[in-house]
Amino acid sequence: MFTHDDLTRLQSQSLKMQGWIRQQTYSPEMEKTLRRFSSWELAELILGVNQSTLRGRMAADPSLPQGLVEEDGRQRWYTLEEINEIRRKMKINRKSLLPPRPAGKRAIRAAVANFKGGAGKSTVALHFAHAAALDGYRVLAVDFDPQATLSHSMGLSDVAEEFTVWGIMARDLIRETERMNNAVRGAETGAALPERRLPSSITGMGLSDLRTMDFIKPTPWPTVDIIPSCANAAFVEFASAQYRHLNPEWSFFASVSRYLDSLPADAYDIIIFDCPPAIGYQSMNAVFAADVLYIPSGPGYWEYDSTTSFIGQLAEALGDLSQFQGIVPAGTMALPKAFLDLRFLLTRFEPNNELHRAMHQAFRKVFEGRVAEHPIEMTRAVEQSGRFLASIYETDYREMTRETWRRARASFDRAYMEFRGNLVAAWDKLEAEA
């Protein structure tokens, strides 16, 4: 017989193992740190220029960051801050090295969602966030998944639940209820509408006093921040059901959208959501706040079957939200919900596997041009980086053969560049900030 005490004991043992893994993976202080990038990576893989051209430009302008020289003098190694300074100051053939960003518009938001576990949502979100940072973008990641894989991969482990998406939703409930009550008191016919009252167990948590930036945490990447998750945030589904009962007119699914709308338009360039493997209160907040929906799927038939079920259930859920039309406050995305772009992305793809190639063709035939041209390939380097809670971009190529590392990176580079192209096209459709 097993009770909750046995589960607690097993969790305690697992936490000890997590600590050991972090000691092996992170710095001696158990804090994840970002490595430096070689001049070879900087030239060919990050800036996309000839190495000789880069060396010449660096030598001609001593005001540019010169990096850290290896003992043998063969390579220079640069921090991401130094890389971004070079990107801002240097032009090649009179062209800027900064990535494209439509002027006067807020950050573009992309949700990575599918309720099939193991589809690669966290892997895709992590790699796209890091690739975008190396590309020169400022990135905010939002971890909606109580498993907190994305948060752990970005070096966050001890997170209080009030600083997760649950905290944002509970804070929104308090503020929205107060807004509704003020509207009632201010209306001439307000006496006919009762005020909505929340119990002190919610209002007394101090969440309404939290500032917008209190939910955002830094990561080892200087241009990547995260709204983290934690295991205790799993109860958000139960809490949200209770909250809806307390205030049936509360548009729960717009909580995160309202929160993100409160950020300065130029605070970030790209916002990436890692969604839980289920359709619930958290995942509905993610898809409602997203401008672009990316749906990863493995290349097998059962994963195709699950993805088909996912889009069907998501369609029904989004259709149900249309009942809130006219209730959602001005400034929040209108109903019915519409995405600026929708893409399916195959993961764990093996190019030499005949079944995988056939499933890729099936996806492309069924989903009518909505399937990404470049799937994420399964390589040994990807498996190894996943075991150590790191993206391939964080992995030093000297830890394996350069060809193995480069093949894995090339797969994510192709997928990211296609992702960026889709985002920029959608970005152009966003209305400019007032």
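Worth saying up front: this structure is predicted, and the values here are computed from it rather than measured. (Residues numbered from 1 in each chain as written. Predicted model: local features only at pLDDT ≥ 70, side-chain atom pairs only at ≥ 80, totals over all residues. Heavy atoms only, no water.)

(A) A look at the overall build of the chain. Counting its secondary structure elements, the chain contains 15 helices and twelve strands. Taken across its 434 residues, the chain has 51% of its residues classed as buried. Taking all contacts inside the chain whose residues are at least 6 apart in sequence as the whole, residues at least 24 apart take part in 80%. A total accessible area of about 20900 Å² is found for the chain, and carbon and sulfur atoms account for 52% of it. (Helix = DSSP H or I, 4+ residues; strand = E, 2+ residues; numbered from the N terminus. Buried < 20%, exposed > 50% of the residue type's maximum accessible area, 1.4 Å probe, protein only. Contact = heavy atoms within 4.5 Å. Areas by Shrake-Rupley, 256 points an atom, 1.4 Å probe, with all protein chains shown as cover.)

(B) Region of the structure containing the pattern of salt bridges. A complete count under the given rule lists 23 salt bridges for this structure. For Glu85, the salt bridge is made with Lys89, and the minimal N-O distance between the two is 2.8 Å. Placement of the pair is Glu85 and Lys89 together in helix 4 (residues 80-89), with a separation of four residues, close to one helical turn. Residue class for Glu85 comes out partly exposed when judged on its relative accessible area of 25%. The exposure class of Lys89 is partly exposed, given its relative accessible area of 49%. Across the pair Asp269 and Arg138 runs a salt bridge, and its minimum N-O distance is 2.7 Å. Here the residue Asp269 occupies a position in the loop between helix 10 (255-261) and strand 10 (270-274), and Arg138 occupies one in the loop between helix 5 (121-134) and strand 7 (139-143), the gap between them amounting to 131 residues. Looking at Asp269, the relative accessible area reads 4%, which means it is buried. (Salt bridge = Lys/Arg side-chain N within 4 Å of Asp/Glu carboxyl O.)

(C) Representation of helix 5. Its 14 residues give helix 5 an end-to-end C-alpha distance of 20 Å, which sits within 8% of 20 Å, the value for a rise of 1.5 Å per residue. Among the 14 residues of helix 5, 13 are classified as buried, and the element is accordingly described as predominantly covered. Trailing helix 5 by a residue or two, Gly136 shows a phi angle of about 105°, which is positive. (Expected span 1.5 Å × (residues − 1).)

(D) Structural context of the sheet that holds strand 1 (residues 37-38). The three strands are arranged 1-3-2 in an open sheet whose pairing can be described as antiparallel. The sheet terminates laterally at strand 1 and strand 2 (68-69), the two strands that pair on one side only. (Pairing = 2+ DSSP bridges.)

(E) The arrangement of the sheet that holds strand 11 (residues 292-297) in detail. With mixed pairing, the seven strands of this open sheet are ordered in space as 8-9-7-10-6-11-12. Every other strand in the sheet has two partners, leaving strand 8 (217-218) and strand 12 (341-346) as the edge strands with one partner each. Bridging between strand 7 and strand 10 involves five bridges; their strand directions are parallel. Looking at strand 10, one finds that Ala141 is bridged to Ile272. Here helix 5 sits on the sheet in contact with strand 6 (108-112), strand 7, strand 9 (224-227), strand 10, strand 11 and strand 12, set at roughly 165° to strand 10. (Axes fitted to C-alpha atoms, helices over the stretch in contact; angles between N-to-C directions.)

(F) Focus on unusual backbone geometry. Backbone geometry at Ala148 places phi at a positive 60°, although glycine is not the residue there. In this fold, Ala148 is placed in the loop between strand 7 and helix 6 (149-153). Judged by relative accessible area, which is 0%, Ala148 ranks as buried. The backbone phi angle of Glu368 is positive, close to 50°, even though this residue is not glycine. Residue placement: Glu368 occurs in the loop between helix 13 (354-366) and helix 14 (380-387).

(G) Here's a closer look at the nonpolar core. Core analysis: the biggest nonpolar cluster contains 64 residues, and Phe128, Met154 and Ile272 have the highest contact counts within it. The biggest single contributor to this core is helix 15 (residues 402-427), with ten residues. Non-local contacts of Met154, meaning those with residues more than four positions away in its chain, are made with Lys32, Leu126, Ala129, His130, Ala141, Thr219, Pro220, Val224 and Ile226. Membership of the second largest hydrophobic core comes to 61 residues, among which are Ile168, Leu198, Leu210 and Phe310. (Core = buried A, V, L, I, M, F, W, Y, C linked by side-chain atoms within 4.5 Å.)

(H) Representation of the side chain of Asp135 within the structure. Note that Asp135 resides in the loop between helix 5 and strand 7. By relative accessible area, Asp135 is classed as buried at 13%. Within the structure, the side chain of Asp135 is placed 2.8 Å from the side chain of Arg420, a separation counted as a polar contact. Setting aside residues up to four positions removed in sequence, Asp135 forms contacts with Arg87, Pro99, Tyr416 and Arg420. (Polar contact = N/O pair within 3.5 Å; in protein donor to acceptor, adjacent residues only side chain to side chain.)

(I) The arrangement of the pairing of strand 9 in detail. Alternating positions in strand 9 separate into two faces, Val224 and Ile226 on one and Asp225 and Ile227 on the other, with burial throughout. Here strand 7 pairs with strand 9 via four bridges, running parallel. Of the residues in strand 9, the one forming a bridge with Ala141 is Ile226. Hairpin geometry of strand 8 and strand 9 is characterised by an intervening segment of five residues between the two adjacent antiparallel strands.

(J) Spatial organisation of the pairing of strand 6. Counting buried residues in strand 6 gives five out of five residues, a clear majority hidden from the surface. Neither face of strand 6 is exposed, since Ile108, Ala110 and Val112 on one face and Arg109 and Ala111 on the opposite face are all buried. With five bridges connecting them, strand 6 and strand 10 associate as parallel partners. Bridge pairing in strand 10 places Arg109 opposite Ile271.

(K) View of helix 4. Every buried residue belonging to helix 4 is among Leu80, Glu82, Ile83, Asn84, Ile86 and Arg87, and all of these are buried. At its buried positions, helix 4 is contacted by strand 1, helix 2 (39-47), helix 3 (51-60), strand 3 (76-78) and helix 5.

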